[in-house]
Structures are given as structure tokens and as C-alpha cells.
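# Inside the fold
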Amino acid sequence: MTYVVTDNCIKCKYMDCVEVCPVDCFYEGENMLVIHPDECIDCGVCEPECPAEAIKADTEPGLESWLKLNVEYAKVWPNITIKREAPADAKSFDGVPNKLEAHFSANPGSGD
Ligand code: SF4
Ligand code: F3S
């Protein structure tokens, strides 16, 4: 198994998760982060740290498409290990439905 980043990370991108990951397996897109499933050691410490509750164990049902997205973009986005400021409007996007369709960006973030 692995942990995966899901819909509610998009445009919230709080980045609290990157600080606690012992193996630095987060990768940064313009609007969200993803987890590299082959690097994640399933420790689970990032899950409760996300203020948007966007990190889930892939053993939860219905996450196949999110696992695919994490696999795909962890290959092409830069690694991120240091938390920066969340977007100024992060709070206004918390809980907004269908962010993948409306707000996902395939562009890479800046990494660190
Ligand atoms: Fe990192 Fe652990 Fe979260 Fe996996 S479960 S992404 S190893 S903090
Ligand atoms: Fe995203 Fe939550 Fe990390 S919003 S950047 S998964 S702390």
C-alpha cells in the first residue's frame, strides 16, 4: 500500500505534509503535491498533519484514479522537502467539490 494525495489538496497546498515525511517522497505541482508510491514507507505520519484532510491510505475504496495521478506526476514534478507559505486563498478552496476538473494544473511547482 501507499498513501496518496487527493482532490482537496488542489489549490489548498498547505505543505504541512512535507515537513513530517521521513523519506521526503512529496513532489510539487503548481497547485498540489503528490506522493511517490514506491518511496512512501507507509508510516502514516503525514495523514493527520494535512489541514485539508487530503492525504489518504490507498486501502480506502475509490482512490484508484488518485493513485494513478500520484504515480504519474511524482515522475515529472520536482521533489519538495521544505514547507513554504500556503497560497493566500487556500482557505477559500477548502472543501470545494470537483477541484480536479476545475483547478488541477499539470505544470510543475518550483520544488526546493
Ligand atoms: Fe511520507 Fe509517511 Fe506520508 Fe508516506 S505515509 S508520504 S512516508 S509521511
Ligand atoms: Fe496538500 Fe495537505 Fe500537503 S493540502 S500540500 S496534502 S498538507
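The following paragraphs examine the structure supplied in this document.

## Some details on the overall build of the protein chain
Check the secondary structure of the protein chain and you find four helices and four strands. For the protein chain, the succession of helices and strands along the chain, N to C, is β-α-β-β-β-α-α-α. Since a compact globule built from 112 residues should have a radius of gyration of about 13 Å, the 12 Å found for the protein chain is in line with a globular shape. Out of the 112 residues belonging to the protein chain, those deemed buried represent 45%. In the protein chain, of all internal contacts separated by at least 6 residues, the share reaching a separation of at least 24 is 79%. Of the accessible surface of the protein chain, which amounts to about 5800 Å², a share of 50% is contributed by carbon and sulfur atoms. When the 9 basic and 21 acidic side-chain charges of the protein chain are each reduced to a single mean position, those positions are 5 Å apart.

## Brief notes about the site of ligand 2
Looking at ligand 2, the residues that line it are Val-5, Cys-9, Lys-13, Tyr-14, Met-15, Asp-16, Cys-17, Leu-33, Cys-50, Pro-51, Ala-52 and Ile-55. Of all the cavities here, the one that holds ligand 2 is the largest cavity. Taken together, the residues that form the shell around ligand 2 break down as ten nonpolar, no polar and two charged.

## A closer look at the nonpolar core
Within the largest apolar cluster, 34 residues are counted, with the highest numbers of intra-cluster contacts made by Phe-26, Met-32, Val-34, Ile-35 and Ile-55. For this core, the leading source of residues is helix α2 (residues 64-74), giving four residues. If we skip the residues at most four places from it in the chain, Val-34 touches Val-5, Cys-25, Phe-26, Tyr-27, Leu-69, Asn-70, Tyr-73, Ala-74 and Trp-77.

## Here's the deal with the site of ligand 1
Taken together, 13 residues lie near ligand 1, and Cys-21, Cys-40, Cys-43, Gly-44 and Cys-46 sit nearest. Among the detected pockets, ligand 1 sits in the second largest cavity. Across the shell around ligand 1, the residue classes break down as twelve nonpolar, one polar and no charged.

What counts and what doesn't
All residue numbers refer to positions counted from 1 along the written sequence of the respective chain. For naming, the first written chain is A and the first written ligand is 1, with later ones following in the order written. For this predicted model, a pLDDT threshold of at least 70 governs which residues receive local features, and a threshold of 80 or more governs which side-chain atom pairs are given and counted, while totals over whole chains, interfaces and linings are taken from all residues. No hydrogens and no water enter the side-chain calculation; it runs on all heavy atoms of the structure. Helix and strand assignments come from DSSP, with helices taken as H or I runs of at least 4 residues and strands as E runs of at least 2, each series counted from the N terminus. When we talk radius of gyration, it's over C-alpha atoms, and the globule rule is simply 2.2 Å times the number of residues to the 0.38. A 1.4 Å probe rolled over the protein chains alone gives each residue an accessible area, and that area as a share of the maximum for its type sets the label: buried under 20%, exposed over 50%, partly exposed in between. Any two residues whose heavy atoms approach within 4.5 Å are treated as being in contact. Here the accessible surface of atoms and residues is derived via Shrake-Rupley with a 1.4 Å probe, and residues count as covered only by protein chains that are part of the display. His is not counted, nor are the chain ends, whereas Lys and Arg count as positive and Asp and Glu as negative. Every charge is mapped onto a representative atom, which is NZ of Lys, CZ of Arg, CG of Asp or CD of Glu. Note on terminology: near, applied to a residue and a molecule or strand, indicates that one of the residue's heavy atoms is within 4 Å of it. The method works on a 1 Å grid over the protein atoms by themselves. A cavity is a set of points holding a 1.4 Å probe that cannot get out, a pocket is an open set with protein on both sides within 12 Å along at least five of seven lines, and residues with an atom within 4 Å of a point line them. More than half of a molecule's atoms within 2 Å of the grid points is what it takes for that molecule to sit in a cavity or pocket. Any residue outside Ala, Val, Leu, Ile, Met, Phe, Trp, Tyr, Cys, Pro, Asp, Glu, Lys and Arg is labelled polar, Gly included; the first ten of those are nonpolar and the last four are charged. Joining through side-chain atoms within 4.5 Å is the link that ties buried Ala, Val, Leu, Ile, Met, Phe, Trp, Tyr and Cys residues into a set, and such a set is a nonpolar core.

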